[in-house]
Amino acid sequence: MRTFTAILAGTLALTINSKSFAHANPISPEQKISPAQVMLFGVFHFNNPGLDSVKSEVINVLTPENQHYLEELTSKLANETPTHVLIECPPQRQKMMDRKFNAYKNGNHELSLNENQQLGFRIAAKAELKGVICYDERNVHWRGAELRDYMEKNTPKRKKIHDELIKKLSNDSSQRHTTLSLSQVLQFHNDSAEDKENMNLYIMENDIGAGQDFIGADAAASWWHRNFRMYANIQAQAQPGTKIIAIGGSGHTAILKTLLEVDKSRRSWEVNEYL
Amino acid sequence: MMIIKNNREKIRVKMRKFIKFFSGIIILSSCSASWAAEKEALTSPEAPPAQVMLFGTFHFANPGRDTVKLNVIDVLTPENQAYLEQLTEKLASESPTHVMLECDPRIQDKIDIKFQAYLNGEHQLEVNEHQQLGFRIAAKAKLNGVICYDENQVHWDGAKLMSYMSTNAPERKKIFDAEIADFGNLASKQHKTLPLRQLLQIDNSVERDKKNMNLYLMVNDIDSGEGFSGADASVSWWHRNFRMYANIQAKAQPGTKVIAIAGSGHTALMKTLLATDLQREAWDIKSYL
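Please read these numbers as outputs of a predicted model, since none were measured by experiment.

So, how was this worked out
Residues numbered from 1 in each chain as written. Chains lettered and ligands numbered in written order. Predicted model: local features only at pLDDT ≥ 70, side-chain atom pairs only at ≥ 80, totals over all residues. Buried ≥ 20, exposed ≤ 12 C-beta atoms within 10 Å, placed from the backbone. Helix = DSSP H or I, 4+ residues; strand = E, 2+ residues; numbered from the N terminus. Pairing = 2+ DSSP bridges. Expected span 1.5 Å × (residues − 1). Axes fitted to C-alpha atoms, helices over the stretch in contact; angles between N-to-C directions. Parallel < 35°, antiparallel > 145°, perpendicular 65-115°, else oblique. Left-handed = near helix turned anticlockwise from the far one by under 90°. Contact = placed C-beta atoms within 7 Å. Nonpolar A, V, L, I, M, F, W, Y, C, P; charged D, E, K, R; others polar.

Novice: Quick question: what am I supposed to make of the pairing of strand β2 (residues 98-101) of chain B here?
Specialist: Look at any regular strand and the pattern is simple: side chains alternate between the two faces of the sheet. All names here are of chain B. In β2, alternate side chains face the same way, and those of H98 and M100 on one face and V99 and L101 on the other are all buried. The pairing of β2 with strand β4 (residues 257-263) spans 3 bridges and is parallel. Looking at β4, one finds that V99 is bridged to I259. Across 2 bridges, β2 lies against strand β3 (residues 147-148) in parallel orientation. Residue pairing for β3: M100 is matched across the bridge by I147.

Okay, structure coming up:
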């Protein structure tokens, strides 16, 4: 297996996408042999526009105390010399992101209220990277609306259980955001128990329509599909010798972590000790 | 034109072999599904969460038609038959409520007939894991039948990926093919040298599960940012298994104890779903092997 990994590593080093490396630090020769390290950093959405099913109050990250924490956290991460910072924005917005990032580096842009800039821009700038990379996928979507309609018509009891759980999770989340520190909230979003809870939201309805049209399983698979594509975007950057920090909503990182765990060409780089 | 056609044919054949080797899809064609095969599940709200055992196996009957010939162990030797008797006895004594097999629900009727004949002493177990394991467990546990839970519509869809790799990423194709060949060689070697018990332990090990899933992840990035033929191929395999898992969930209601037997390429992945299914508990096979 070690030989295989070495062969794989060597070959991949030759096929590195030049486009992607416009945003990366140069890689020293001795780094080329080590597998990519990938940090999947789960977050809540700092500026919650109410797009997620689980809606909640969100902690204000702009207080002096929280800004101080974010400065400290991003410095710690930047000190580890990541080679790429990936953020949850669609690649179609890469150019716009590049402009904003450059303006930020030149002191002409104040960080907006979102995790992409509050975390991603800070880490990339401190690590002296040339940019951040958009790795979101927006062509494949979760087919949750069809499932919801189906449940309303055919399995109203299950719909009720679903709605009650979402309500409970929203309340729990609001509770956390109003009582815990930013550090604690971020730890929560990178906790393996929370990851399970997140994936369970899909698995708990996976059986709806089993044996017939499989609407539940198809909806679950569609959410995984989006994440497989996001993970492909991470893999494309995470070549031997790189150290990647990929920031994403914890609904994504929960699944991405299960893929990273079985990806023998890459190593997991834990965020928890930095939070 | 001919060359293209030949290449396509080669890809098609390779894919078929790949699928056959790693997932052992059984394609049969009679119809109708009967779900009347299980003991009645407890439905009281106090019933404990369902326990689900995902029992990964190799395919006991290997026709030897794969590119990389896997000479499987002969499960019919007296020693191996004694082991299978003992193993199925242990599992049956845990009083499972359902035994589920990787067969197409459309052949449920046919399986029911065979199972009844087996119960009546009129059918000799065939060389496949459904009967050697499933029939034995269900009969010893005094169940009324076994349940087919395979998925027959969604399959691993790797055609676009294979053709993309051949044209655009031949180096990666070579690595992929080598990994498949190594996997086959390793499995063949293990089947030649290890006892049945150990082979089943391997098929239910975390290490083998990861190796199995890595086959998809290792090409997941191919064509990323463009056509995503790698990620789309990976997800087609997951999709198939999401549906199989849905069939298991449908049976695994509170109070049940379900044993679901399948090729380890399936159980590897379904275990990751069961691990996040908060309504059900994993019932580990390892201590019985």
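After that view of the structure, there is still more to cover.
Novice: Which parts of the structure should I look at to understand the sheet that holds β3(B)?
Specialist: Remark on secondary structure: sheet strands pair via backbone hydrogen bonds, oriented parallel or antiparallel. Residue and element names in this part refer to chain B. Ordered by their spatial adjacency, 5 strands build an open sheet running β3-β2-β4-β1-β5, and the pairing between neighbours is parallel. In this open sheet, the two strands that pair with only one neighbour each are β3 and β5 (280-282). In terms of strand pairing, strand β1 (residues 50-57) meets β5 through 3 bridges, oriented parallel. The partner of V52 across the bridge, within β5, is A282.

Novice: Looking at this structure, I do not really get helix α6 (residues 170-193) of chain B. What am I missing?
Specialist: At 3.6 residues per turn, the α-helix brings residues three or four places apart onto the same side. An ideal rise of 1.5 Å per residue puts 34 Å on 24 residues; α6(B) measures up with 34 Å between its terminal C-alpha atoms. Within α6(B) the residues assigned to the buried category are R172(B), I175(B), F176(B) and A187(B).

Novice: Where do I start with the packing of helix α9 (residues 215-237) of chain A against helix α10 (residues 250-262) of chain A in this structure?
Specialist: Helix-helix packing is described using two parameters, namely the angle between the two axes and the distance between the axes. All names here are of chain A. Two elements in contact, α9 and α10, have axes separated by 10 Å at closest approach and are oriented at 65°. Classified by the interaxial angle, the pair formed by α9 and α10 is roughly perpendicular. Considering how the two elements wind past one another, α9 and α10 form a crossing that is right-handed. Residues W224, N227, M230 and Y231 of α9 form the contact with α10, whose own contacting residues are H252, I255, L256 and L259.

Novice: What is the right way to look at the packing of helix α8 (residues 206-217) of chain B against helix α10 (residues 264-276) of chain B in this model?
Specialist: All names here are of chain B. Packing of α8 against α10 brings their axes to within 9 Å, and their N-to-C directions diverge by 100°. On the basis of the axis angle, α8 is roughly perpendicular to α10. Note on element contacts: α10 touches α8 through S264, G265, A268, L269 and K271, opposite R208, D209, N212 and M213. Partitioned by chemical class, the residues of the contact of α8 with α10 number 3 nonpolar, 3 polar and 3 charged.

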